[in-house]
Amino acid sequence: TCSHCEHPAATDSGGRTAYYEDLSFTNVVQRVRYNVPLRGILVDVDGTLSGGAMNYLTYYYKHLDMPGCTEEDEFDGLVCEAPVRLSRILVHEADSELNGMDLRVLRMTDGIDLNATTPDDYSTITFRGKANPKNHWVFIVALGEAYKYHFANGIDYEKLTLTRGDVWEAASKESVTLIANYTDYREAFEIKVDGSKIENQTTLWDPYTASSVDAHSYGDWYHDIDNKHLYMTFNDDLEGGLNIKAFRCNVSCPQPAGVPEWDGVERRWSDEDIWEDSIKPVDGDNVTIPNNWKLLLDESTPALEFLDIQGELVFTAPDEDAENSHIKISAQRIWVQGILSAGNSTHPYEGNAEIELTGGRDSESLLLGNFNDVSNKVLAVTGNFSMHGQKTQTPWSRLTQSIAVGDTELTLTNSVETDGWAAGDMIMIAPSERNSRQFETREIATVVGNIITLTEGVEFAHYGNESFMATSQGVLDMRTEVALLSRNIKIHGTDVDGWGGRIYTT
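Throughout, residues of each chain are indexed from 1 in the direction in which the sequence is written. Under the rules for a predicted model, residues below a pLDDT of 70 receive no local features and side-chain atom pairs below 80 are neither given nor counted, while totals for whole chains, interfaces and linings still include all residues. Note that the side-chain values use all heavy atoms of the structure and ignore hydrogens as well as water.

Draft legend 1. Up close: the side chain of Asn-55. Within the secondary structure layout, Asn-55 lies in strand E3 (residues 55-58). Burial classes follow relative accessibility: with a 1.4 Å probe on protein chains only, a residue under 20% of its type's maximum area counts as buried, one over 50% as exposed, and anything between as partly exposed. Residue classification places Asn-55 among the buried residues on the basis of a relative accessible area of 6%. Nitrogen and oxygen atoms within 3.5 Å of one another constitute a polar contact, given that in protein one can donate a hydrogen and the other can accept it, and given that sequence-neighbouring residues count only through two side-chain atoms. A polar atom in the side chain of Asn-55 sits 3.0 Å from the side chain of Ser-50. The contact criterion used throughout is that any non-hydrogen atoms of two residues lie within 4.5 Å. With residues near it in sequence (within four places) discarded, Asn-55 still touches Leu-42, Val-43, Asp-44, Ser-50, Val-79, Cys-80, Glu-81 and Ala-82. The way it works is that DSSP assigns letters per residue, a run of H or I at least four long becomes a helix, a run of E at least two long becomes a strand, and they are numbered from the N terminus.

So this is what it looks like as structure tokens:
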């Protein structure tokens, strides 16, 4: 099936239904063979293909391994006997950051815990960038069944469109229920078909009972906000795609706290007397900066659990040796309702300021207001967040001499000694060869003019001899780029569970 599927001229999304009848085979062992992207539906009208009239054939996917369907090598996949009927679901018009990501699909039956499944339970549906439509996923469904789907790694979407197959050969109504789960909080969804808004159902139907599902129309949906699931029905009542938009907040969006009402007293974090019972915060504490406080952060915080900034918190480098100072905020959750700042547009912060977000996947989430869950390991800003670091005059340069594996000295095209490059900074050396992975990061040991010495030798050779190539777009400089990565203001998450930090703003 699917002749020339991957040919540049082949643009269809696949998963189409084709009907076959009056076939004959002579000395044929393999009656069906599926080509990439493995998404065809074959209907054996008279039984001459598979031995059973109105059998449906398709490639084997785990979510289609169900009663009535058997995997047979002769047909390179599944043969589904009546009354099983198959169609397709097209997923498209999704957020661009989902492009290239796999889609996971699981057949649901009564008794399965929606939250207790593992990746091995799912079918993997690969992304396809070809047209008709461009950037999409297609998966096959059995009519009358329920399926759960989500994108790989639990990534949530803000928008997408789901379109049922043109062929929906139902013996009766035979609706399909799709269940989407999400990780981040969603207060509301908006679902439209052909521009008409469909209202949320007030109660959830039984997705595993045909009479309950079939009582609903195409596009009916229910938002289970407590368990973070979205239910939708598909049948042949209507045509057209379901356009879905997800909203983190709708009527319950957190409101800025407004300008802090400073009481005129300038306080310092290092001063024990400002804290309750003259005891400074310690690891694991929850700390609130009151609305009427202006607090100068003149030393690093302990590893806090929660930092709630309702007033003003200002990174403050010491008067002496400010350039070499290092002040860090460490917390699992930070909510800036008031002001958090370092320097300003005319006087950039001189020292090194760091915000470290801690915790892992199972750490406590931050709830803004009563409903808006912005997950964990988060810096949430509903007030004012203003960070002004030192400007780097020369963010990147080029080699003027090639370097070999193990070399520790780089000669650049221009002097960087007075442009913010210093011992202890991290640099990135771009690849020179065809292998795009031959980039590397190294720490600077010394800087003298345009010569940098590294703390350890390079892993790959990098080209640096003078070489220019004329192109239609101008002259191409072939020498390897070297970029300064270090900055004096840094926001990052700790490396725990492969779970990164996040910044939430309104």
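From this point, the narrative continues.
Draft legend 2. Here's a closer look at a nonpolar patch on the surface. Patch members must show over 30% relative accessible area and no salt bridge, and they are joined within 9 Å when carrying like charges or within 5 Å when they are nonpolar side chains of Val, Leu, Ile, Met, Phe, Trp or Tyr. Computed with the Shrake-Rupley method and a 1.4 Å probe, the accessible areas treat only the protein chains shown as cover for residues. What counts as a salt bridge is simple: a side-chain nitrogen of Lys or Arg found within 4 Å of a carboxyl oxygen of Asp or Glu. On the surface, Tyr-463, Met-469, Leu-476 and Met-478 cluster together to form a nonpolar patch covering roughly 340 Å² of accessible area. Looking at the secondary structure, you find Tyr-463 in the loop between strand E34 (451-454) and strand E35 (468-471). For Tyr-463, a relative accessible area of 33% translates into the label partly exposed.

Draft legend 3. Focus on the packing of aromatic side chains. The criterion for an aromatic pair is that two Phe, Tyr or Trp rings (for Trp, the six-membered ring) have centres within 6.5 Å, with stacked assigned to planes under 30 degrees apart, edge-to-face to planes over 60 apart and tilted to the rest. If you walk through the whole model with that rule in mind, you get eleven aromatic pairs. Between Tyr-59 and Tyr-61, the ring centres sit 5.6 Å apart and the planes meet at 70°, which makes this aromatic pair edge-to-face. Exposure remark for Tyr-59: the relative accessible area of 24% places this residue in the partly exposed category. Among the residues examined, Tyr-61 registers a relative accessible area of 12% and is labelled buried. Sitting over the ring of Tyr-218, Arg-164 keeps its end group 5.9 Å from the ring centre. Geometrically, a charge over a ring is one whose NZ (Lys) or CZ (Arg) sits within 6 Å of the ring centre while staying within 35 degrees of the ring normal.

Draft legend 4. Region of interest: empty space enclosed by the protein. A cavity here means a set of points on a 1 Å grid, drawn over the protein atoms and nothing else, where a 1.4 Å probe fits but cannot get out; a pocket is an open set with protein on both sides within 12 Å along at least five of seven lines, and a residue lines either one if it has an atom within 4 Å of a point. Grid points are joined across faces, edges and corners, and a volume is the space filled by probe spheres set on the points. This model, assessed by the stated rule, comprises two cavities of 30 Å³ or more. Taken together, Asp-156, Tyr-157, Ala-180, Asn-181, Tyr-182, Arg-186, Phe-189, Leu-230 and Ala-246 make up the lining of the largest cavity. Note on residue categories: nonpolar means Ala, Val, Leu, Ile, Met, Phe, Trp, Tyr, Cys or Pro, charged means Asp, Glu, Lys or Arg, and polar means any other residue, Gly included. Per-class residue counts for the lining of the largest cavity are six nonpolar, one polar and two charged. Within this model, the second largest cavity holds a volume of roughly 30 Å³. Around the second largest cavity, the lining residues are Tyr-149, His-150, Phe-151, Ile-155, Asp-156, Tyr-157 and Asn-181. When grouped by side-chain class, the residues that make up the lining of the second largest cavity number four nonpolar, two polar and one charged.

Draft legend 5. Looking closely at the state of the cysteines. Cysteine sulfur pairs qualify as disulfides if the two atoms are within 2.5 Å. Across all of its chains, the model carries one disulfide by this definition. Disulfide pairing places Cys-69 opposite Cys-80 at an S-S distance of 2.1 Å. Taking the torsion about the S-S bond as the criterion, the Cys-69 to Cys-80 disulfide, at about 115°, is right-handed. With Cys-69 in strand E4 (residues 69-72) and Cys-80 in strand E5 (residues 77-80), this pair connects stretches of sequence that are eleven residues apart. Take Cys-80: its relative accessible area is 1%, and that puts it in the buried class.

Draft legend 6. A look at unusual backbone geometry. Looking along the chain, the bond that leaves Ala-82 and enters Pro-83 is cis, with omega of 15°. Along the chain, Pro-83 falls in the loop between E5 and strand E6 (86-92). With phi around 70°, Ser-375 is a residue other than glycine that occupies positive phi space. Within the secondary structure, Ser-375 sits in the loop between strand E27 (372-373) and strand E28 (378-381).

Draft legend 7. Broad picture of the pattern of salt bridges. Under the counting rule described, the total for this entry stands at 16 salt bridges. Here Arg-104 ties to Asp-102 by a salt bridge, and the two come within 4.0 Å at their closest N and O atoms. Among the ionic pairs, Asp-477 bridges to Arg-398, the shortest N-O distance being 3.4 Å. With Asp-477 in strand E36 (residues 474-477) and Arg-398 in strand E30 (residues 396-398), this pair connects stretches of sequence that are 79 residues apart.

Draft legend 8. Seen up close, the pairing of strand E13 (residues 188-193). Note on pairing: DSSP must find at least two bridges between two strands before they are called paired. As defined by bridge partners, E13 adjoins strand E17 (residues 242-247) across six bridges and the pair is classed as antiparallel. Within E17, the position partnered with Glu-190 by the bridge is Lys-245. Looking at chain direction, E13 and strand E14 (residues 196-198) are connected through three bridges and run antiparallel. Paired with Val-193 across the two strands is Ser-196, which belongs to E14. Joining the antiparallel neighbours E13 and E14 is a turn of two residues, in which Asp-194 adopts a positive phi near 50°.

Draft legend 9. Representation of the layout of surface pockets in the model. Considering only enclosed or pocket space, the second largest pocket measures out at about 760 Å³ in volume. Asn-352, Gly-420, Asp-425, Arg-487 and Asn-488 are the residues nearest the centre of the second largest pocket, which is lined by 27 residues in total. Mapped by element, the contributors of at least two residues to the lining of the second largest pocket are strand E25 (352-357) and strand E38 (489-493). For the lining of the second largest pocket, the element with the most residues is E25, which contributes three residues. Within the lining of the second largest pocket, the residues separate by chemical class into six nonpolar, twelve polar and nine charged.

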